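# Breakdown of the fold
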Amino acid sequence: MACCKKKTKCGTQKIPAICAWSLLLGATGLFFAFSTEYLATTISVAIPIYQGLITLFVVMNFGFATFMDPGVYPKAHPDETVDEDYRAPLYRNTEIKGITVRMKWCTTCQFYRPPRCSHCSVCDKCIETFDHHCPWVNNCVGRRNYRFFFQFLMALTVHMISIFALSLVYVLHHQDNLVTANNIVLIIVMVIVGLLILPIGGLTVFHMVLVARGRTTNEQVTGKFRGGHNPFTRSCSLNCRNILCGPVWPRLLDFVVLRSNIDVDATTVGYRVSNNDVKIYMDNSNGITQTLSGNTYNKVLVSGITVTG
């Protein structure tokens, strides 16, 4: 039953992403099929080339944002969590550029999350520089794929404006007879684009402001650094350059700690007494002076250390 519920949940999470891909490819395909031939012969052959390059850039960045690892931290190995689970404090503080930043203990992944890391409740994973979980890409947006998500938004806004404007040009050139297949299809495309361009354009402007200020959506929504200086921001130009041209964060799941178990037969293990053994005496007299005798100290030999008490 639990397995069926998990499969159903995974299936429903993919519906927004499938709808987004269908709208993007469907509307773009209809535009190319019903208008580009006329626009290329009447206005300029550069129009389909330009629109094709924009479409390719949009699809590539959409694919990277959807399928790329956003910066997942591997969960702690069971051997590392045996003694930490019951004694780890909830928070630890660290100092970055003179500002105290709090790190929270993740009870699921069993480690202290770095300052900009957050645990996604949908993916059930800790994401480095977590921005948000986007249902339209069916993936978290984090440090590794935020660049492609941001480029996708900007290119998609330009793509939608171009499709709307060029479709309008085609319809105006054929306004004497609007009841044709080409006009009807392009009017439907214009309606779809017109309904979506405002929220997508607004989201693009919102992320442009975040990039310029060096913040993430999670930090903006939760109000982090609202009353003080953000230790992760630099200047507007450096923030933009870091997002668009900076190096890609390494995939942390590739760094797997190699572990091996060795089976040892206890009957074949022996210990040879050495003169270099360390003797540790534990005084159990509680301040009462006793005469040392053969029964005063009990000797225990553990791992090459002689402990007597």
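Here is a short report on the structure shown in this document. (Residues numbered from 1 in each chain as written. Predicted model: local features only at pLDDT ≥ 70, side-chain atom pairs only at ≥ 80, totals over all residues. Heavy atoms only, no water.)

## Remarks on the overall build of the protein
Within the protein, the regular secondary structure consists of seven helices and 11 strands. Considering only contacts within the protein whose residues lie at least 6 apart along the sequence, 60% involve residues at least 24 apart. On the protein, roughly 19600 Å² of surface is accessible, and the fraction owed to carbon and sulfur atoms is 62%. (Helix = DSSP H or I, 4+ residues; strand = E, 2+ residues; numbered from the N terminus. Contact = heavy atoms within 4.5 Å. Areas by Shrake-Rupley, 256 points an atom, 1.4 Å probe, with all protein chains shown as cover.)

## Some words on the sheet that holds strand β4 (residues 111–112)
Read from one edge to the other, the open sheet built from three strands follows the order β2-β3-β4, with strand pairing classed as antiparallel. Taken across any chain shown, the strands that pair with only one partner, and hence form the sheet edges, are β2 (91–96) and β4. The sheet contact formed by strand β3 (residues 99–106) and β4 spans two bridges and is antiparallel. Bridging across to β4, W105 finds its partner in Y112. (Pairing = 2+ DSSP bridges.)

## Description of the pattern of salt bridges
Counted under the stated rule, the structure contains four salt bridges. Note that K75 and D124 form a salt bridge whose closest N and O atoms lie 3.8 Å from each other. Separated by 49 residues along the polypeptide, K75 in the loop between β1 (72–73) and β2 and D124 in the loop between β5 (118–120) and β6 (125–127) bring together distant segments of the chain. Look at K75 and you get partly exposed, because its relative accessible area is 45%. Here E128 ties to R143 by a salt bridge, and the two come within 3.4 Å at their closest N and O atoms. (Salt bridge = Lys/Arg side-chain N within 4 Å of Asp/Glu carboxyl O. Buried < 20%, exposed > 50% of the residue type's maximum accessible area, 1.4 Å probe, protein only.)

## Notes on the pairing of β2
Every regular strand shows the same layout, with side chains that alternate between the two sheet faces. As paired elements, β2 and β3 share six bridges and run antiparallel to each other. Bridging across to β3, R92 finds its partner in M103. In this antiparallel pair of consecutive strands, β2 and β3, the connection spans two residues, and K97 shows a positive phi of 55 degrees.

## Focus: the layout of surface pockets
Roughly 700 Å³ of internal volume is contained in the largest pocket. Taken together, 28 residues make up the lining of the largest pocket; nearest its centre are R116, T129, R143, N242 and I243. Its residues assigned to classes, the lining of the largest pocket shows 12 nonpolar, seven polar and nine charged. A volume near 570 Å³ is recorded for the second largest pocket. Considering the residues around the second largest pocket, the lining is formed by 27 residues, among which A20, W136, L156, L196 and I200 are closest to the centre. Those elements that provide at least two residues to the lining of the second largest pocket are α2 (15–42), β7 (132–134), α4 (146–173) and α5 (181–213). Here the lining of the second largest pocket is composed, by residue class, of 22 nonpolar, five polar and no charged. (1 Å grid on protein atoms, 1.4 Å probe; cavity = no way out; pocket = protein on both sides within 12 Å on 5 of 7 lines; lining within 4 Å. Points joined across faces, edges and corners; volume = space filled by probe spheres on them. Nonpolar A, V, L, I, M, F, W, Y, C, P; charged D, E, K, R; others polar.)

## Concerning the sheet that holds β1
Pairing is antiparallel across the open sheet formed by three strands, whose spatial order is β1-β6-β5. Two strands bound the open sheet, and with one partner strand each, they are β1 and β5.

## Regarding unusual backbone geometry
Although it is not a glycine, Q110 adopts a positive phi angle of roughly 65 degrees. Here Q110 is to be found in the loop between β3 and β4. Classification of Q110 as buried rests on a relative accessible area of 15%. A positive phi angle, near 50 degrees, is found at T129, a position not held by glycine. According to the relative accessible area criterion, T129 is buried, its value standing at 14%.

## A short note on the packing of aromatic side chains
Tallied over the entire structure, the rule returns nine aromatic pairs. Between Y146 and F149 the ring centres are 6.5 Å apart and the planes differ by 45 degrees, which places this aromatic pair in the tilted class. One end of the pair, Y146, and the other, F149, are both in helix α4, three residues apart, so they sit about a helical turn from each other. Judged by its relative accessible area of 2%, F149 falls in the buried class. Relative to F150, the ring of Y146 lies with its centre 6.2 Å away and its plane at 5 degrees, an arrangement referred to as stacked. With Y146 and F150 both in helix α4, this residue pair falls four residues apart, about one helical turn. The class of F150 is buried, set by a relative accessible area of 5%. (Phe/Tyr/Trp six-rings, centres within 6.5 Å; stacked < 30°, edge-to-face > 60°.)

## Observations concerning a nonpolar patch on the surface
A contiguous nonpolar surface patch, about 860 Å² in accessible area, is contributed by L23, L178, V179, I184, I187, I188, V191, I192, L195 and L196. Broken down by element, the residue count for the nonpolar patch peaks at seven residues, all from α5. (Patch = residues over 30% accessible without salt bridge, like charges linked within 9 Å, V, L, I, M, F, W, Y side chains within 5 Å.)

## Quick word on α2
Between its first and last C-alpha atoms α2 spans 40 Å; for 28 residues at 1.5 Å apiece the expected length is 40 Å, and the two agree. Of all bends in α2, the biggest is about 50 degrees, found at S35. What α2 keeps buried is the set A17, A20, L24, A27, T28, F31, S35, T36 and L39. At its buried positions, α2 is contacted by α3 (46–67), α4 and α5. (Expected span 1.5 Å × (residues − 1). Bend = angle between axes of the 7 residues up to and from the residue.)

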